[in-house]
Amino acid sequence: MNYRIIGAILVILSSGGMGFSLAAAHKKEVNTLKQLLRALDFMACELEYRLPPLDELCYLAGGQVSGAVNRFFSALAIQLQQQVDTDARRCVEIVLKQQTDLSPMTARELHLLGKSLGRFDLAGQISGIRSVKELCERDLQGLQADQATRLRTYRTLGICAGIALVILFI
């Protein structure tokens, strides 16, 4: 009898933990998109007023943010400085393959950013950065819509799923 109670508690805790980890992943995604928006704003301003080389721009943008976005831009700056590939788009793809802590949504937007970096004149690059920024803002608004309710639902569903499994097993 004691083993059943211990097993039931472990099932509820593990499925509840899954719900809480989904909520944490959602919060991390929102934070990563906010960091990317800060970096894109900074990059657009730097290009407009100072026009630094692309590797320096990525290094400076990485210094303005933290977390996975910082690691991405720092690694991209190193790739561009070492001239691993002459095309910035390919350098972005290389860095995205190395960065495993980026969510698919953020990675998609960084991939789109790589398509315009270093390919066009100043106006084209700024336009590319702004279009990626608009996409980030749209995705961020979608994630933040009813965020509190969504996070509470993830947690509740995790716990309820565990209770349902316990009822089925007992």
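Just above sits the structure.
Being a predicted model, the structure only gives us computed values, none of them experimental.

A. Structural context of the packing of helix α4 (residues 88–98) against helix α5 (residues 104–116). Between α4 and α5, the shortest axis-to-axis distance is 7 Å and the interhelical angle comes to 160°. Regarding the angle of α4 to α5, the classification is roughly antiparallel. For α4 against α5, the interelement crossing comes out right-handed. Residues A88, R89, V92, E93 and L96 of α4 touch α5, and the partners they reach there are A107, L110, H111, G114 and K115. Of the residues belonging to the contact of α4 with α5, the class tally is five nonpolar, two polar and three charged.

B. Fine view of the pattern of salt bridges. Inspection of every chain in the model, using the stated rule, returns ten salt bridges. When the shortest N-O distance is used, the salt bridge between D139 and R108 registers 2.8 Å. Of the two residues, D139 is situated in helix α6 (residues 122–144) and R108 in helix α5; the sequence distance between them amounts to 31 residues. Under the relative-accessibility criterion, R108 is labelled partly exposed at 40%. Linked through salt bridges whose partners overlap, the residues forming this network are R108, E109, R138 and D139.

C. Molecular detail of the packing of aromatic side chains. The final tally for this structure, using the stated rule, is one aromatic pair. Note on F72 and F73: the rings are 5.2 Å apart at their centroids and 75° apart in plane angle, and the pair reads as edge-to-face. We classify F72 as buried; its relative accessible area is 0%. F73 gets classed as buried once you look at its relative accessible area, which sits at 0%.

What counts, and where the lines are drawn
Residues numbered from 1 in each chain as written. Predicted model: local features only at pLDDT ≥ 70, side-chain atom pairs only at ≥ 80, totals over all residues. Heavy atoms only, no water. Axes fitted to C-alpha atoms, helices over the stretch in contact; angles between N-to-C directions. Helix = DSSP H or I, 4+ residues; strand = E, 2+ residues; numbered from the N terminus. Parallel < 35°, antiparallel > 145°, perpendicular 65-115°, else oblique. Left-handed = near helix turned anticlockwise from the far one by under 90°. Contact = heavy atoms within 4.5 Å. Nonpolar A, V, L, I, M, F, W, Y, C, P; charged D, E, K, R; others polar. Salt bridge = Lys/Arg side-chain N within 4 Å of Asp/Glu carboxyl O. Buried < 20%, exposed > 50% of the residue type's maximum accessible area, 1.4 Å probe, protein only. Phe/Tyr/Trp six-rings, centres within 6.5 Å; stacked < 30°, edge-to-face > 60°.

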